[in-house]
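Observations on the three-dimensional arrangement
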Amino acid sequence: MSSNRRLLKQTLIYGIATVLPRIMSFLLVGLHTDLMPKVAYGEITILLAYMIFFNVILSYGMETAFFRFYHKEENKKEVISTATVSIFWSTILFLSVALLFQKTLAGLLNIDKEYVNYAIWILAFDALVIIPFSKLRAEQRPIRYSVLKISNVLIYLLLNVFLLAILPKLAQANPQGFWSSFYVEDYQIGYVFLSNLMASLFTFVLFMPHYFKPNWFFNTELWKSMLHYGWPILFAGLAFGINEHLDKILLSEWLDPITAKAAVGAYSACYKIGLFMVLFRTAYTLGIEPFFFSQAGNDNAPQTYATITKYFVILGSLILLVVVVFADVVKFFLVRQPEYWEAMSIVPLIIIANFFLGIYTSLSVWYKLIDKTIIGAYISAIGAIITLSMNYILIVKFNLSYLGSAIATICAYGSMMVISYYLGKEKYPIPFEMKKILTYLFASITLACISFYVQELRETYVFGILAIIGFSYYIYKNEKEVILKLIKRK
């Protein structure tokens, strides 16, 4: 098998392992919002947001450093061993300290101690499988990697369905029976984290043989080099976490304590509707990044990057318009409880923000190709500063609640997109068709916002459907030659 075909096959498998779990988790939104009040869903969201940051800290860039040094060093066993020992002892240290101070943590986070306990163990088990999963990827074993990743999410999904939907019915049908002894009333949050814990434990148990290999050794100099390489990754990961998840935490801290968790619950549920764009962005990134690198040596590489980015914007613009126009239809399938719909106003903004992030990802190829990934960390840091400042201004000063958080997300990702474009013009010029790209982008966003925020137009769908038809025709008219070639090729 040629290297390009192998790359394509592995990219496809890894793509499935990334996108499919997201889709399965996506399905849980309806289950959770059907069976939980906004306050409970908000509490889950807040704790998960904190866990994202701890995940980044517990990996401290070691995963990326592992790949870099695995391919760089001749003694690959030494790289595996050093990374494993590092992650193992740092995780044990975290677990010891966190369990010792879990009551204090629960008080600081204003979250039940039992749920914090679950979170600590989940974080520990997830950290301990970082290097084993990385080893599978380094050894080019994508099928085993994908099966384990998908199994983890499938177990989480099935346990959620059983504990939240099936177990209560079994206990109610026979109050003195076997299942009733396991059922705890009003324990939905606990069941969600218990499901997560069981899934993480299952994955860790499968990887336990990795930790029982003899002759583990630790190369201090190699470890220092790996830490030095990994710290920008840690920095960028924290910045990304701020841009993606901090708004839920800030809302819980800055809104009225009585209503904060309910507001976060509504915001988070409606936020999920915007994740259609995340799925598109993720699938694109997984498929296109390896292709970008494989084309780097070609003379026409810049033109290839420009063309691909243009068609990403075209397809993304159409998806944006369609999802926004039919957002009120999607909510009946994804977030069925009307009590959550109070936050529907943020849906177009979140979709636009995630589209900006996708464009930024496509534009960011230049600093990856010239081995200046630290620039990505700096851009993410700027986005994080904008996220923090805009959330404070819009939530605290202007009292816009979650609408302010959604606007802040657009500002952060929009700024990152613009900064990456202008820096790239100087460092690695790519002939983007900016006039066309901006036209498609502006037309899609304008039509989407009109169809959604003008109430009379939103209720009838006539304008929205005509907008989709008109925009599709506009794309066909301008890209007719390429579209006809694709049809003929099929």
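Residues numbered from 1 in each chain as written. Predicted model: local features only at pLDDT ≥ 70, side-chain atom pairs only at ≥ 80, totals over all residues. Heavy atoms only, no water.

Moving on: the overall build of the protein. Regarding its fold elements, the protein presents 22 helices and zero strands. Relative to the 2.2 N^0.38 estimate, which gives 23 Å for 490 residues, the radius of gyration of the protein is 24 Å and therefore close to what a compact globule would have. A total of 490 residues make up the protein; the buried ones form 51% of that total. Taking as baseline every contact in the protein between residues at least 6 positions apart, the subset at least 24 positions apart corresponds to 83%. Of the roughly 23600 Å² of accessible surface on the protein, 66% is carried by carbon and sulfur atoms. (Helix = DSSP H or I, 4+ residues; strand = E, 2+ residues; numbered from the N terminus. Rg over C-alpha atoms; globule rule 2.2 N^0.38 Å. Buried < 20%, exposed > 50% of the residue type's maximum accessible area, 1.4 Å probe, protein only. Contact = heavy atoms within 4.5 Å. Areas by Shrake-Rupley, 256 points an atom, 1.4 Å probe, with all protein chains shown as cover.)

The next point concerns the pattern of salt bridges. Under the criterion given, the structure shown has 11 salt bridges. Residue Lys-38 pairs with Glu-342 through a salt bridge whose shortest N-O separation is 2.5 Å. In this pair, Lys-38 is assigned in helix 2 (residues 38-59) and Glu-342 in the loop between helix 14 (327-334) and helix 15 (347-363), connecting sequence segments 304 residues apart. Here Lys-38 falls in the buried class, since its relative accessible area comes to 15%. On the accessibility criterion, Glu-342 (41% relative accessible area) is partly exposed. Its salt-bridge partner being Lys-436, residue Glu-479 comes within 3.6 Å of it at the nearest N-O pair. (Salt bridge = Lys/Arg side-chain N within 4 Å of Asp/Glu carboxyl O.)

What follows covers empty space enclosed by the protein. If you walk through the whole model with that rule in mind, you get three cavities of 30 Å³ or more. Surrounding the largest cavity, Leu-47, Tyr-50, Met-51, Phe-54, Phe-94, Leu-105, Leu-109, Val-116, Ala-119, Ile-120 and Leu-123 form its lining. If you list the elements that add at least two residues to the lining of the largest cavity, you get helix 2, helix 5 (102-109) and helix 6 (113-128). Taken together, the residues of the lining of the largest cavity sort by class into 11 nonpolar, no polar and no charged. By volume, the second largest cavity amounts to about 60 Å³. Around the second largest cavity, the lining residues are Leu-363, Trp-366, Ser-420, Tyr-421, Gly-424, Lys-425, Tyr-428, Ile-430 and Phe-432. (1 Å grid on protein atoms, 1.4 Å probe; cavity = no way out; pocket = protein on both sides within 12 Å on 5 of 7 lines; lining within 4 Å. Points joined across faces, edges and corners; volume = space filled by probe spheres on them. Nonpolar A, V, L, I, M, F, W, Y, C, P; charged D, E, K, R; others polar.)

On the surface, a nonpolar cluster with roughly 540 Å² of combined accessible area is contributed by Val-161, Ile-166, Leu-170, Phe-178, Trp-179 and Phe-182. Its place among the elements puts Phe-178 in the loop between helix 8 (142-173) and helix 9 (188-211). Phe-178 sits in the exposed class, given a relative accessible area of 54%. (Patch = residues over 30% accessible without salt bridge, like charges linked within 9 Å, V, L, I, M, F, W, Y side chains within 5 Å.)

All right, on to the packing of helix 2 against helix 11 (residues 260-273) then. Closest axis-to-axis distance for the helix 2/helix 11 pair is 7 Å, and the angle between their directions is 75 degrees. By the angle between their directions, the pair helix 2 and helix 11 is classed as roughly perpendicular. Where helix 2 approaches helix 11, its residues Lys-38, Val-39, Tyr-41, Gly-42, Glu-43, Thr-45 and Ile-46 are matched on the opposing element by Lys-261, Ala-262, Val-264, Gly-265, Ala-266, Ser-268, Ala-269 and Lys-272. (Axes fitted to C-alpha atoms, helices over the stretch in contact; angles between N-to-C directions. Parallel < 35°, antiparallel > 145°, perpendicular 65-115°, else oblique.)

Turning our attention to the side chain of Ser-180. By the secondary structure assignment, Ser-180 is in the loop between helix 8 and helix 9. A residue is classified by how much of its surface remains accessible, and Ser-180, at 19% relative accessible area, is buried. Discounting chain neighbours no more than four positions away, the residues touching Ser-180 are Ala-171, Asn-174 and Pro-175.

Applying the stated criterion to the full structure yields 34 aromatic pairs. Ring centres of Phe-26 and Phe-276 lie 5.1 Å apart, and the angle between their planes is 90 degrees; this geometry places the pair in the edge-to-face category. Of this pair, Phe-26 sits in helix 1 (residues 3-35) while Phe-276 sits in helix 12 (residues 275-294), and the two are 250 residues apart along the sequence. Here Phe-26 falls in the buried class, since its relative accessible area comes to 11%. Judged by relative accessible area, which is 31%, Phe-276 ranks as partly exposed. Members of the aromatic cluster, each reached through a chain of ring pairs, are Phe-88, Trp-89, Trp-121, Phe-125, Phe-204 and Tyr-211. One residue, Arg-458, lies across the ring of Phe-452, its end atom 3.9 Å from the ring centre. (Phe/Tyr/Trp six-rings, centres within 6.5 Å; stacked < 30°, edge-to-face > 60°. Lys NZ or Arg CZ within 6 Å of the ring centre and 35° of its normal.)

Right, let's talk about the nonpolar core for a bit. Core analysis: the largest hydrophobic core is formed by 155 residues, its most contacted members being Phe-66, Met-226 and Leu-320. Leave out the neighbours within four places in its chain, and Phe-66 touches Val-79, Ile-80, Ala-83, Ile-131, Ser-134, Lys-135, Ala-138 and Met-226. (Core = buried A, V, L, I, M, F, W, Y, C linked by side-chain atoms within 4.5 Å.)

To continue, consider helix 21 (residues 462-478). With 17 residues, helix 21 should cover 24 Å at 1.5 Å per step; its first-to-last C-alpha distance of 24 Å lies within 8% of that length. The set of residues buried in helix 21 consists of Gly-464, Ala-467, Ile-468, Phe-471 and Ile-475. Down the axis of helix 21, the smallest arc covering the buried residues is 100 degrees, so these residues share one side. Of the exposed residues in helix 21, those oriented more than 90 degrees away from the buried face are Leu-466, Ile-469, Tyr-473 and Lys-477. (Expected span 1.5 Å × (residues − 1). Arc of directions from axis to C-beta.)

Take the side chain of Asn-354 next. By the secondary structure assignment, Asn-354 is in helix 15. Among the polar contacts listed, one links the side chain of Asn-354 to the side chain of Arg-281, at a separation of 2.8 Å. Each residue touching Asn-354, except ones within four places of it in the same chain, is listed here: Glu-244, Gly-274, Met-277, Val-278 and Arg-281. (Polar contact = N/O pair within 3.5 Å; in protein donor to acceptor, adjacent residues only side chain to side chain.)

Between helix 3 (residues 62-72) and helix 10 (residues 220-254), the least distance of the axes is 8 Å, while the angle of their chain directions is 125 degrees. On the basis of their axis angle, the class for helix 3 and helix 10 is oblique. Classified by chirality, the crossing of helix 10 by helix 3 is right-handed. Side by side, helix 3 and helix 10 meet where Met-62, Thr-64, Ala-65, Phe-66, Arg-68 and Phe-69 of the first sit next to Leu-222, Trp-223, Ser-225, Met-226, Leu-227, Tyr-229, Gly-230 and Ile-233 of the second. Classifying every residue of the contact of helix 3 with helix 10 by side-chain character gives 10 nonpolar, three polar and one charged. (Left-handed = near helix turned anticlockwise from the far one by under 90°.)

So yeah, pure geometry; function would need other evidence.
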